[in-house]
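Descriptive analysis of the structure
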Amino acid sequence: MEHSLKLLENYIQDILQGPEEASLHLEDLSPDYRELGEKITLLAAAVRDLTNQLQQQNETLELENQVLMDNIQAMDEISWALEQSNQELRVNLNLVNALTDYTHNMIFVYSSETGQEVHTNQPARLFQNSHSQTAAQLARQLLDKQPEIQQQTDQYREELHQPPGEHRKEQTREDRNLPEHNPNSLRWSIAMNDTDGIDLFYQVESFPIPWFHSDGENSQDAKKQAIVHIVIDETERQRRQNLIYRFAYVDPLTNLNNRRYATEKMEQWLQEGTAFLLSFIDVDYLKYCNDTFGHEQGDSYLIEVSDALQTIGGEVCRVGGDEFFLLQTGLSPEEQDEKLEELRLTLLADKSSRYPKCFSYATTLVPAHSAAPLTEHISNTDTKMYEYKHLYKIPLADVVYRDDRI
């Protein structure tokens, strides 16, 4: 009996010291203690299982702890790298701020959230000081555009990074001819009048960027989203272009477009496959007006006819001394001639001047994708106009008014 108790005592101590190495032979126990020995053996097995589980959990916790420590170290390294990057950005931004003072273009930076001005370069500050009202008007237009700038740049970036399987919007022919769009910016134009009523034109490129306030230093709130506007004064260039356009395409007397414009417009319609009407109009009695009342009165006569022709609609162009083209789409030749005849009779019935007023005309339908050259259509219409003049022009002797000088 004492021997069995001693064996059980030693077995329990072995279990407590090392469950894996503890062992008990039931046959060494007396019959009265074998049932107790079996229960202790089962308890030992449970202790072994529990010990193994605890050991595995401990190993797992140690592994997770190591991973966590590695992640903390990595985050520290990333945080340090970001801080270094932010510091470099601040330094670079200060350099950019200094360099922008040497450009002649104006630069305005406004907060995306509040619209507060956070930076201007020297040309912008000079403009604000010397033209305060015009600068305030420009600032309002820049700020009003900011939500659209943010939305369009965000949308363009999303489209640019669509998965390969998704279909992007198909570009039109006109889109493909445009310069490649920068997804980080938006180019747009501003036209306005200054306080003296002078037309001003600006080309603007705007793009959202992170911006560090100069007083932020290491503050987490120093880095904000802002929109930079690079404003290029295009006023002089636009004026030169307008002047060149007027020399090339505008008749100086009537302010109508000239023969070059009319020819290019008709060629464009032919290439596009657009059918149009060409009306050839020749002013009657202009020579009599010039010879009798002077060329200044003759110029007034031409201006009056040009103003009257513009009431019909379409494109009116002065293509010669007393010749006009009327280009129209969406009408039939009969409808066009009806309007011209009504206008012709109205001028002829006007007795407010000491000279008669009238014109002769003819209209030709130029079909879409016409195989005939444009010069042929113009020549045919010119011929029809002179046929009309021969048939319907009233002789000068029948319409001339009495002039005491004759």
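Above this text is the structure in question.
Residues numbered from 1 in each chain as written. Predicted model: local features only at pLDDT ≥ 70, side-chain atom pairs only at ≥ 80, totals over all residues. Heavy atoms only, no water.

Observations regarding the sheet that holds strand S8 (residues 323–328)
Sheet strands pair via backbone hydrogen bonds, and the direction of the pair is either parallel or antiparallel. Pairing is antiparallel in the open sheet, where four strands are placed in the order S7-S8-S6-S9. The two strands at the open ends of the sheet, each matched to only one other strand, are strand S7 (315–318) and strand S9 (358–366). Each adjacent strand pair in this sheet contributes to an overall mean axis angle of 20°, direction not counted. For strand S6 (residues 276–284) and S8, the ladder comprises six bridges, and the chain directions are antiparallel. Bridging across to S8, serine 279 finds its partner in leucine 326. Packing of helix H7 (residues 259–272) onto the sheet brings it into contact with S6, S7, S8 and S9, and relative to S8 it is tilted by some 25°. (Pairing = 2+ DSSP bridges. Helix = DSSP H or I, 4+ residues; strand = E, 2+ residues; numbered from the N terminus. Axes fitted to C-alpha atoms, helices over the stretch in contact; angles between N-to-C directions. Contact = heavy atoms within 4.5 Å.)

Let's talk about the pattern of salt bridges
All chains considered together, the criterion is met by twelve salt bridges. The salt bridge involving lysine 357 is made with glutamate 304; its shortest N-O contact spans 2.9 Å. On the criterion of sequence distance, the pair formed by lysine 357 in the loop between helix H10 (333–349) and S9 and glutamate 304 in helix H9 (residues 295–310) is long-range, its members being 53 residues apart. Assessed through its relative accessible area of 1%, lysine 357 is described here as buried. Classification of glutamate 304 by relative accessible area gives partly exposed; the value is 28%. (Salt bridge = Lys/Arg side-chain N within 4 Å of Asp/Glu carboxyl O. Buried < 20%, exposed > 50% of the residue type's maximum accessible area, 1.4 Å probe, protein only.)

A word on the packing of aromatic side chains
Geometrically, a pair of aromatic rings is defined through the distance of the ring centres and the angle of the planes. In this structure the tally under the stated criterion is twelve aromatic pairs. Between tyrosine 249 and tyrosine 261, the ring centres sit 6.4 Å apart and the planes meet at 85°, which makes this aromatic pair edge-to-face. Linking tyrosine 249 in helix H6 (residues 235–249) with tyrosine 261 in helix H7, this pair joins segments that are twelve residues apart in sequence. Of the two residues, tyrosine 249 and tyrosine 261, both sit in the buried class. Between the aromatic rings of phenylalanine 280 and phenylalanine 325, the centroid separation amounts to 5.2 Å while the plane-to-plane angle is 70°, which identifies the pairing as edge-to-face. Of the two residues, phenylalanine 280 is situated in strand S6 and phenylalanine 325 in strand S8; the sequence distance between them amounts to 45 residues. Each member of the pair, phenylalanine 280 together with phenylalanine 325, is buried. (Phe/Tyr/Trp six-rings, centres within 6.5 Å; stacked < 30°, edge-to-face > 60°.)

The values reported here are purely geometric and, on their own, carry no functional implication.
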